[in-house]
Structures are given as C-alpha cells and as structure tokens.
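Single-letter residue listing:
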Amino acid sequence: MKRFLGVFLMILGLAVPAVALEMGDDGLYNEPFIRDTFKDMREDLAEANAEGKRMAIFFEQRGCIYCHKMHEEIYAREDVRAFIEENFFVVRLNLHSDTEMTDFDGEVMSEKAAARKWGILFTPTVLFLPQEVPEGVSAPQAAVAMMPGAFARGTTMDMYTWVLEERYLLDNGEDFQRYHARRIQERNDGNTD
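Keep in mind that this is a model prediction, so the values were computed, not measured.

> Is there a simple way to think about the sheet that holds strand S8 (residues 125–128) in this case?
Across a sheet, strands are paired by hydrogen bonds formed along the backbone, either parallel or antiparallel in direction. The strand order across the open sheet built from 5 strands is S3-S5-S4-S8-S9, with neighbouring strands paired in mixed fashion. At either margin of the open sheet sits one strand with a lone partner, and together these are strand S3 (34–35) and strand S9 (145–148). Pairing between strand S4 (residues 54–60) and strand S5 (residues 88–94): 7 bridges, direction parallel. Residue pairing for S5: Ala56 is matched across the bridge by Val90.

Laid out in structure tokens, this is it:
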C-alpha cells in the first residue's frame, strides 16, 4: 500500500506544473516570457529584433477558460516556456482593456479598439510578426501567422517552431497544416497532436 501511495504521489507530482502561476489584478496570468512594454508595436518589434527574437502578440481576457487551459497545461510546461522565452518577444493585449497602444501603422487606440480593428474574436489569439513591417501596415496585415484558440502542446510547439524557422517563406508547398501533419508522423508517439 505504501508503495502504491508513493507511486501515486510521484505521478501526481509530475502532473503539476513546475512553476506556480500567478494572476495579475487584471485577471490575466503573469508569465515570465510576457514583456511589460509601452505597447508601441514598432518599438516592441525593434526591441525584439535587437534581442534576436521573434515578436508575438497575445490577446487574452479575464475569465477565458481557453487562456486558462493554455497557461495551466501548455505554457506551464518547462520545455514550452523555455522555448518561448528564448526565442520570442511576447507582448500581451487585453481584449477588453482601455490601456492605450500604438499599432504598426501609427494609430493610437485602446487595446479593445485594436481587437475590434484587427478582427480578434477569440482568446487566446497569438499573432506572429515578421522582423520587418512596412510603413502603414497594421499588425494583422503584417502577421506571418495567427493562432486563434487553445491547442495542445504538439500543435503549439509546431506553430512556434514553424514561425521561428520562417517556414512560411519556403516555396515547397508545405503550409503549416502539412508541416504539422509531417511533425506528427515524425514524432510517431501515437499522439495525433
């Protein structure tokens, strides 16, 4: 019985995230890879480039069960968290916030106005930006990929890797879905994620 209890507690310990997640006063998770910036997208992109990282914009909202799922089950995993922290400059915008931000096209507006302008309907939504954004272009026009919704670890890591490796630039007929399908086969672990 003691042995069974020990094994059960060990398994339970493996299921718990390695990092305790904290929630801010705004009802959003505080992740170590999310940057606290002035939310000027051009400045944030310049800083991301200076650090040799790719810029990603997270849209989230208080009480979002899918945001909760991503933070508790995916971003809490040390391998996922470390990969994002090492390779991405993440700026979070709140779907309902009145906090001012500046789009790449220079328009100053609230975060919630940006969500409307950009057509953000779901949270979480992640927009991935290229290293250079032409003048007069807004974030969704410039984005190289968008990930609307909550996904499992494999899909999430495949999307971040696909963006990091700039696979969207390849002219090989392998869009993200084909890339992801290939990665599932390569993992060959019985998981279709």
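> Looking at this model, I keep getting lost on helix H3 (residues 65–74). Mind explaining?
At 3.6 residues per turn, the α-helix brings residues three or four places apart onto the same side. Looking only at H3, the buried set comprises Cys67, Met70, His71 and Ile74. The buried side chains of H3 occupy one side of the element, clustering within an arc of 115 degrees when seen end-on.

> What should I look at first to understand the nonpolar core in this one?
Side chains of a nonpolar character, in soluble globular proteins, are inclined to be buried together. The biggest cluster of nonpolar side chains holds 24 residues, and the ones touching the most others in it are Met55, Ile57, Phe59, Phe104, Trp118 and Leu129. Of all the secondary-structure elements, those providing two or more residues to this core are helix H2 (41–50), S4, S5, helix H5 (111–118) and helix H6 (139–142). The dominant element in this core, judged by the number of residues it contributes, is H5, at 4 residues. Residues contacting Trp118, with those up to four places away along its chain left out, are Ile57, Phe59, Leu93, Met101, Asp103, Leu127, Ser138, Ala139 and Pro140.

> Hey, could you run me through the packing of helix H4 (residues 78–87) against helix H7 (residues 153–164) in this one?
Two elements in contact, H4 and H7, have axes whose closest approach is 11 Å; the angle formed by their N-to-C orientations is 20 degrees. The angle between H4 and H7 places the two elements in the roughly parallel class. With respect to the hand of their crossing, H4 and H7 are arranged in left-handed fashion. Listed contacts from H7 to Asp79, Val80, Phe83, Ile84 and Asn87 of H4 are Arg153, Met157, Tyr160, Thr161 and Leu164.

> Teacher, can you tell me more about the pattern of salt bridges here?
Side-chain pairs of opposite charge can arise where the charged atoms are in close proximity. By the definition in use, this model includes 20 salt bridges. Its salt-bridge partner being Glu51, residue Arg35 comes within 2.6 Å of it at the nearest N-O pair. With Arg35 in strand S3 and Glu51 in the loop between H2 and S4, this pair connects stretches of sequence that are 16 residues apart. Residue classification places Arg35 among the partly exposed positions, given a relative accessible area of 22%. The residue Glu166 makes a salt bridge to Arg54 at a minimum N-O spacing of 4.0 Å. One end of the pair, Glu166, is in the loop between H7 and helix H8 (176–187); the other, Arg54, is in strand S4, with 112 residues separating them in the sequence. The network of salt bridges with shared partners includes Asp158, Glu165, Arg167, Glu174, Arg182, Arg183, Glu186 and Arg187.

> Help me understand unusual backbone geometry, please; the structure alone is not making it clear to me.
Here Thr123 and Pro124 are connected by a cis peptide whose omega angle stands at -5 degrees. On the secondary structure map, Pro124 appears in the loop between H5 and S8. Its identity as a non-glycine residue notwithstanding, Glu166 has a phi of 55 degrees, on the positive side.

> What am I meant to see in H5 here?
Restricting attention to buried positions, one finds in H5 the residues Glu111, Ala113, Ala114, Ala115 and Trp118. Turning to H5, the residues buried within the fold contact S4, S5, strand S6 (100–102), strand S7 (108–110), S8 and H6. One or two positions beyond H5, positive phi appears at Gly119, with a value near 75 degrees.

Criteria and cut-off values
Residues numbered from 1 in each chain as written. Predicted model: local features only at pLDDT ≥ 70, side-chain atom pairs only at ≥ 80, totals over all residues. Heavy atoms only, no water. Pairing = 2+ DSSP bridges. Helix = DSSP H or I, 4+ residues; strand = E, 2+ residues; numbered from the N terminus. Buried < 20%, exposed > 50% of the residue type's maximum accessible area, 1.4 Å probe, protein only. Arc of directions from axis to C-beta. Core = buried A, V, L, I, M, F, W, Y, C linked by side-chain atoms within 4.5 Å. Contact = heavy atoms within 4.5 Å. Axes fitted to C-alpha atoms, helices over the stretch in contact; angles between N-to-C directions. Parallel < 35°, antiparallel > 145°, perpendicular 65-115°, else oblique. Left-handed = near helix turned anticlockwise from the far one by under 90°. Salt bridge = Lys/Arg side-chain N within 4 Å of Asp/Glu carboxyl O.

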